[in-house]
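The residues making up each chain are set out below.
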Amino acid sequence: MDTDPQDHIDSPENIKIPLAYIKGKPLEKIPSDLYLPPDALKIILESFEGPLDLLLYLIRKQNFDILELPVAKITEQYMQYIGLMEDLKLELAAEYLLMAATLAEIKSKMLLPVHSDLEEEEDPRQELIRRLREYEIFKEASINLDSIPRSSRDFYNINSVKYVKTKKEEVPEKVDLVQLATILNDIIIRNKILSAHDIKRDILSVREKMAFILDTMSSEDYTEFTSILKQEEGKHGLIVTLLAVLELIKVGLIDCLQAEPFSKIYIKLM
Amino acid sequence: MNKEEQKKVIESIIFSSPSPVSVDSIHNFLSKEHDINRDTVKELLASIESEHENTPVILKKVASGYIFQISEKYSEWVTNFYPDKPQKYSRAFMETLALIVYKQPITRSEIEAVRGVAVSHNIMKNLLELEWIKILGNKEVPGRPMLYGTTKKFLDSHNLNSLSGLPEIKDVDTSQNTENSEQTQINLNISEGNGENDNNLDDFDNIH
Amino acid sequence: MNKEEQKKVIESIIFSSPSPVSVDSIHNFLSKEHDINRDTVKELLASIESEHENTPVILKKVASGYIFQISEKYSEWVTNFYPDKPQKYSRAFMETLALIVYKQPITRSEIEAVRGVAVSHNIMKNLLELEWIKILGNKEVPGRPMLYGTTKKFLDSHNLNSLSGLPEIKDVDTSQNTENSEQTQINLNISEGNGENDNNLDDFDNIH
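Let me sum up the structure you'll find in this document. For every chain, the first residue of its written sequence is number 1, and the numbers climb from 1 along that sequence. Going through the entries in the order they are written, you letter the chains from A and number the ligands from 1. Local features in this predicted model are restricted to residues whose pLDDT is 70 or higher, and side-chain atom pairs enter the listing and the counts only when it is 80 or higher, whereas totals over whole chains, interfaces and linings include all residues. Side-chain measures here rest on the full set of heavy atoms in the structure, leaving out hydrogens and waters.

Observations regarding the overall build of chain B
Okay, step 1: By the criteria applied, helices consist of DSSP H or I runs no shorter than four residues and strands consist of E runs no shorter than two, each listed in order from the N terminus. In terms of regular secondary structure, chain B is built from 11 helices and five strands.
Okay, step 2: Only heavy atoms matter for contacts: two residues are in contact if any of them lie within 4.5 Å across the pair. In chain B, the proportion of contacts linking residues at least 24 apart, taken out of those at least 6 apart, comes to 53%.
Okay, step 3: Split by element, the accessible area of chain B, about 10,300 Å² in all, is 47% carbon and sulfur. Exposure was quantified through the Shrake-Rupley algorithm and a 1.4 Å probe, taking into account, for residues, occlusion by the shown protein chains and nothing else.

What follows is the structure, encoded as structure tokens:
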């Protein structure tokens, strides 16, 4: 690391807050004589569940009252953490940056002189305080929820005790005859496409087919896969079309839907 | 078939079942061939329950019915017998679950609003696969997002009869509630819906 | 821990296990904290076994160890309690059946030619066991492959008097038919063949 992260954390007016606890001992700064692998720090920083979690941590560690959120201090510390995360090239979720902007906005609003005629105006911190309190409640609830007895962890159900099935007169399930007819139709249609003849190879390239698909397809409506097949292209055409579709899905240009295995496949432009 | 025999049939059914067995399903089954009423089934279950009281195997009533369980006293032995540690769920998983449990019916974006981060697809998939949550319907707002709630299986997995058995949560301050009158309304709509959900949602109402 | 307690621990372990528990694994576990030898474990198991002898749940020794099982006497009740799940036929099964129904008499390789994939042995076996299809004879081509067709039982179990009661299939365009003259021949109207088993054979005879 070229920048020593402790510069960010230990600015003089800050109360020391541990970065993390290692074996019960608070890690307040990164010891300069000890090489802390960036990966380890990454894990510490990644353990926050999001910007609200990070803010709550900063508030709680310093025994601040949420209701009297010291925005200036918290913002500064928050920005230091963000800086640290950026230094470590952690992929910063957009939510962290959004929160940074929110904090900056609140901070600047707090600096504006309060007009006596605007007394009714909301405290700019109010919404954030509400969100923090709400998040804290559910964070706590999740911890409590995790601690109540759970099956196969704290107690054990006795289920599925085996038994020897006695023989029953089995009546086989009927097949749906209409479905049977539809299936035969499908086979015949499929077969038509597959059994076409005399295709000259090399005529069809996957690239070309991709272009064709992009050209003919709409981004509004889904098109059924078999409708883009050309009978004269036969089996080879089917394969090339399938490859083209797969390729287009891979690069994210088209969207593909299939309700269940073997059902029709629908595609549309993204 | 005398009562002792009936009890043994009921025991066999509960032992062999992969999930808790409801009074109704036992009653439906036995009444096909015998003249037996629902209250008698309940009496028989109570009798089985008391007979097992001080044995390593106890009969337990949970949300979706009756199931045999290793008694608390011997659970620790069982835990120690198996070298594999039971699955631990991530914080993100538990927080998402907590929001669904306490704020159901809730949409994914409502969960995200409280947590301040996106809910991963995997967590929702996992919860749905565990059958701890289910889709209750769609919220009548643009986009008609899906509304999630907990299932009986979630309660079963925590030895609960209803949501009211869960730890209480602190009140999110009252300003929040009035602001969210819309949600209360949706709540009502769903509880009118389908039979099975009713209990869950009623219980949910009780919490608040 | 006295013997009674040890028995209860063993019971709990076997009850909670999804698969049989071996004497060794019980012995290893108990001997970690207690002075117990392998023979004692076996004695305890024998004692548990005899205690459960006349209960609905018996202790059973199988190859890999001990497991609780519903006693034979109550197995029938349990079997009846669980209604058979309706069987779901696979797509491959349905396609094979469709071809046999509409294109009979047909050989296996003809089915494969149309479907483009091999027909699994299981599907043919299954259809024959259901007695929905039967062997009508051999096709007079090299190798004399067997020709399959449907049975009266297939018609009966689908409430049909004759094959003409089947849903019609859409007209396949003619180019296909002419091109595939062999198939057309086989095609030769089964719809004429009415109902009775033997008609199938008659039709078959007519073709050749």
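Focus: the interface of chain A and chain B
Okay, step 1: Contact with chain A, which involves 36 residues of that partner, is made by 46 residues of chain B.
Okay, step 2: Overall, the association of chain A and chain B removes approximately 3,600 Å² of surface from exposure, summing both partners, and the carbon and sulfur fraction of that is 61%.
Okay, step 3: Only one rule defines a salt bridge in this text: a Lys or Arg side-chain nitrogen within 4 Å of an Asp or Glu carboxyl oxygen. Counting every contact that joins chain A to chain B gives four salt bridges.
Okay, step 4: In this structure, E134 of chain A and K103 of chain B form a salt bridge, with 2.8 Å as the shortest nitrogen-oxygen distance. The term buried area means the drop in 1.4 Å probe accessible area that two parts suffer when joined, counted for both and summed.

Observations regarding the sheet that holds strand β5 (residues 146–150) of chain B
Residue and element names in this part refer to chain B.
Okay, step 1: One requirement defines pairing of two strands: DSSP has to find at least two bridges between them. One open sheet accounts for three strands, arranged β3-β5-β4; its pairing is antiparallel. Every interior strand has two partners, whereas the edge strands, β3 (106–107) and β4 (133–138), have only one.
Okay, step 2: The sheet contact formed by β3 and β5 spans two bridges and is antiparallel. For T107, the partnering residue across the bridge sits in β5 and is L147.
Okay, step 3: For helices, the fitted axis covers only the stretch in contact; all axes are lines through C-alpha atoms, and the angles between them, taken along N-to-C directions, range from 0 to 180 degrees. Where helix α5 (residues 91–103) meets the sheet, it contacts β3, β4 and β5, and its direction lies at approximately 90 degrees from that of β5.

Brief notes about the sheet that holds strand β1 (residues 57–62) of chain B
Okay, step 1: Ordered by their spatial adjacency, three strands build an open sheet running β3(A)-β2(B)-β1(B), and the pairing between neighbours is antiparallel. Each edge of the open sheet is held by one strand with a lone partner, namely β3 (157–158) of chain A together with β1 of chain B.
Okay, step 2: In the sheet, β1 of chain B pairs with strand β2 (residues 65–70) of chain B via six bridges, with the strands oriented antiparallel. Each residue of the ladder has a partner; that of K61 of chain B, found in β2 of chain B, is Y66 of chain B.
Okay, step 3: Along the sheet face, helix α1 (residues 3–16) of chain B touches β3 of chain A together with β1 and β2 of chain B and points at about 75 degrees away from the line of β2 of chain B.

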